[in-house]
Amino acid sequence: IQIILDGLERLPDNAPSLGLIRRLCGATGSLGHIWILSRRKPPFEYQQAVVNRQMLVLSNADLAFTRDEIELYLKTVHRLILPGACIDSVHSETHGWPGGLVLLAQILERMPPAGWEEYISCDLSSRLGNEARQYFQEEVLNHYPQHVRSLLLKAAMPEAINEDMLTAISGMPGVGDLLMDLTRD
């Protein structure tokens, strides 16, 4: 039996359904696997399940592509064959982040192969950053009302924020509740 639960981060820590998920994780044993996909660690004790090899926790670093995986991905999925030095640069600049590789592949597919090496060798991180900003603007931010977009842009500036600080910079009352709603989106 395979059970896949996606979006655990959208549940508040006191959600009754977390108790059910915790019990499911403890009850599967050799009968199957539970896959929990989340942007945060489960808000319940799971370390014993990891020790008993009933649960595997993967971090972003675990999911990052190696240099050779980047080369294979670009070649087999996108039919992009790059010189070794370009692959090294891509790995160095993206740190193997899959989202960055997808964006890069989309960029390279839109240009002639003769321009790939120059594109990658000239400030790739800034270029990918611009492409990522455009993607998030079109695919994420534009789906929110203007006041929410404004809040998110202001919240992105400081390295760390709290509710009082965000209320002060945004001038919006109830900003804490809005942020909680956004984390579940």
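Position numbers for residues start from 1 in each chain and track the written sequence from start to end. The model is predicted, so local features are restricted to residues of pLDDT at least 70 and side-chain atom pairs to those at 80 or more, both for listing and for counting; the totals for chains, interfaces and linings are taken over all residues. To get the side-chain values, take all heavy atoms of the structure and skip hydrogens and water.

Undergrad: Honestly, the packing of aromatic side chains in this entry has me stumped. Any pointers?
TA: Aromatic pairs are defined between Phe, Tyr and Trp rings, using the six-membered ring for Trp, whenever the two ring centres lie within 6.5 Å; interplanar angles under 30 degrees are classed as stacked, those over 60 as edge-to-face, and all others as tilted. All told, the structure shown has one aromatic pair when counted by the stated rule. The interplanar angle of 75° and the centroid separation of 5.5 Å between the aromatic rings of Phe65 and Tyr73 together place this pair among those described as edge-to-face. Residue class for Tyr73 comes out buried when judged on its relative accessible area of 15%. Only protein chains enter the accessibility calculation, which uses a 1.4 Å probe; a residue is then buried when its area is under 20% of its type maximum, exposed when over 50%, and partly exposed in between.

Undergrad: Looking at this structure, how should I read unusual backbone geometry?
TA: If a residue is not glycine, its phi is most likely negative; likewise, a peptide bond is most likely trans. Here Arg79, not a glycine, exhibits a phi torsion of approximately 55°, which is positive. The topology assignment puts Arg79 in the loop between helix H4 (67-78) and helix H5 (84-94). Given the relative accessible area of 68%, Arg79 is considered exposed. The helix count covers DSSP runs of H or I at least four residues long, the strand count covers runs of E at least two residues long, and both are numbered beginning at the N terminus.

Undergrad: Hey, could you run me through the environment of Tyr135 in this one?
TA: Mapped onto the elements, Tyr135 comes out in helix H8 (residues 124-139). Tyr135 gets classed as partly exposed once you look at its relative accessible area, which sits at 39%. Note on definitions: a residue-residue contact is assigned when non-hydrogen atoms from the two residues lie within 4.5 Å. Not counting chain neighbours up to four residues away, the residues in contact with Tyr135 comprise Leu103 and Val140.

Purely geometric stuff here, so don't read any function into it on its own.
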